[in-house]
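# Survey of secondary and tertiary structure
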Amino acid sequence: RKEVEQDPGPFNVPEGATVAFNCTYSNSASQSFFWYRQDCRKEPKLLMSVYSSGNEDGRFTAQLNRASQYISLLIRDSKLSDSATYLCVVKGDYKLSFGAGTTVTVRA
Amino acid sequence: EAQVTQNPRYLITVTGKKLTVTCSQNMNHEYMSWYRQDPGLGLRQIYYSMNVEVTDKGDVPEGYKVSRKEKRNFPLILESPSPNQTSLYFCASSLSTNTGELFFGEGSRLTVL
C-alpha cells in the first residue's frame, strides 16, 4: 500500500465552482501534513500546511481527519490560475512522503 | 534571491555514461534531498542529507550516489545510467528536518537511451 494516496483526477470545473478532493495516508504516526501545488513541468511549491483544527488561506480550506487518516483540500470560487496538480504531503520523523497528485483544470 | 539551482536542466545521454547533476542552494539550509518524479508515482526520494557529510538513502537509492562536502552543494551522481533512470529529477532544501517547507529547484529532465 502506498504511504500517501490521492485520486489523480482530473477534476474539470468551471470558473467560480467549488472543488474538493482528499488524500489518505497509511502511517498513523504521521506528524504533519501539507498541500503543495505543482504547475505543469515545474517545481512543486508549498501551498499550505494542514492543522488539526482545519485552516483557511483565502479561497483554500484544508482539513485533517486523524481518525480516518485523510486530509482534504477545498477550493472555493475557482480561478483559471488554480489549474494545477495538487500534491498531498505527509511528514514522518525525518521524511516527507508525497502523493502522486490530483490534477485540477478550471475552464472559462 | 533565495533559490535552489540545478544543472543541467535537460540532458540526453546513453547507457553507461557517467553523469552528475549539480544542486546548489544559497539559503544556508541544513537539509537537502533528491527526488525523482515519474507519471503516476509521484515524487520519490532518492537520497537526503541532514547536514555536511551526513547522507542517507531514501526510497529509491539504487543506481545513484550523492555527496555533501559543503553545505550549499548536493550533487547527484549516476555512475552507470540505465534507461529506467529516465525521469524528472528535483533537488530540494529546507532549513531543517522539522519543517515541512521544501524549496525545490526547477528540475532536471534526464533521458537515458
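Preceding this section is the structure that the text describes.
Only a predicted model underlies this, so the values are computations on that prediction, with no experimental measurement involved.

Turning our attention to the overall build of chain B. The secondary structure content of chain B amounts to 0 helices and 11 strands. Ordering the α and β elements of chain B from the N terminus gives β-β-β-β-β-β-β-β-β-β-β. Taken over C-alpha atoms, the radius of gyration comes to 13 Å for chain B, in line with the 13 Å a tight globule of 113 residues would show. The principal-axis extents of the C-alpha atoms in chain B amount to approximately 35 × 30 × 25 Å. Within chain B, the fraction of its 113 residues that count as buried is 50%. Across chain B, every contact between residues at least 6 apart in sequence was considered, and the portion connecting residues at least 24 apart equals 54%. When the accessible surface of chain B is totalled, it reaches about 5400 Å², and 50% of it is carbon and sulfur.

It is worth spelling out the interface of chain A and chain B at this point. With 18 residues of chain A at the contact, the number on the chain B side is 21 residues. Summing both sides of the interface, chain A and chain B together bury roughly 1600 Å²; the carbon and sulfur share of this comes to 55%. It is Glu 43, Tyr 94 and Phe 98 of chain A that lose the most area in chain A upon contact with chain B, and together they represent 31% of the buried surface on that side. The interface formed by chain A and chain B includes 0 salt bridges. Those elements giving two or more residues to the side of chain A that touches chain B turn out to be β4 (32-38), β9 (84-91) and β10 (96-98) of chain A. Of the residues forming the side of chain A that touches chain B, the biggest block, 3 residues, is contributed by β4 of chain A. The residue makeup of the side of chain A that touches chain B, split by class, is 9 nonpolar, 2 polar and 7 charged.

Residue and element names in this part refer to chain A. Reading across the sheet, the 5 strands line up as β1-β3-β8-β7-β6 and stay open at both edges, with antiparallel pairing between neighbours. Because the sheet does not close on itself, it has two edges, and the strands there are β1 (4-6) and β6 (55-57). Across the sheet, the axes of successive neighbouring strands diverge by a mean angle of 20 degrees, strand direction being ignored. Alignment of strand β3 (residues 19-25) against strand β8 (residues 70-75), held across 6 bridges, turns out to be antiparallel. Directly across from Asn 22, in β8, lies its bridge partner Ser 72.

The next point concerns the side chain of Thr 102 of chain A. Residues and elements named next belong to chain A. As for its placement among the helices and strands, Thr 102 is situated in strand β11 (residues 102-107). Looking at Thr 102, its side chain comes within polar contact range of the main-chain oxygen of Asp 7, at 2.6 Å. If we ignore the near neighbours within four places in the chain, the residues touching Thr 102 are Gln 6, Asp 7, Pro 8, Phe 11, Phe 21, Ala 84, Thr 85 and Tyr 86.

All names here are of chain A. Per the stated rule, a full pass over the model turns up 2 disulfides over all chains. Covalent S-S linkage joins Cys 23 and Cys 88, the inter-sulfur distance amounting to 1.9 Å. Here Cys 23 and Cys 88 share a disulfide; its torsion about the S-S bond, -60 degrees, makes the bridge left-handed. Of this pair, Cys 23 sits in strand β3 while Cys 88 is found in strand β9, placing the two residues 65 residues apart along the sequence. No difference in accessibility class separates Cys 23 from Cys 88, as the two residues are buried.

The rules behind each value
Residues numbered from 1 in each chain as written. Chains lettered and ligands numbered in written order. Predicted model: local features only at pLDDT ≥ 70, side-chain atom pairs only at ≥ 80, totals over all residues. Heavy atoms only, no water. Helix = DSSP H or I, 4+ residues; strand = E, 2+ residues; numbered from the N terminus. Rg over C-alpha atoms; globule rule 2.2 N^0.38 Å. Buried < 20%, exposed > 50% of the residue type's maximum accessible area, 1.4 Å probe, protein only. Contact = heavy atoms within 4.5 Å. Areas by Shrake-Rupley, 256 points an atom, 1.4 Å probe, with all protein chains shown as cover. Buried area = accessible area lost by both parts, 1.4 Å probe. Salt bridge = Lys/Arg side-chain N within 4 Å of Asp/Glu carboxyl O. Nonpolar A, V, L, I, M, F, W, Y, C, P; charged D, E, K, R; others polar. Pairing = 2+ DSSP bridges. Axes fitted to C-alpha atoms, helices over the stretch in contact; angles between N-to-C directions. Polar contact = N/O pair within 3.5 Å; in protein donor to acceptor, adjacent residues only side chain to side chain. Disulfide = S-S within 2.5 Å.

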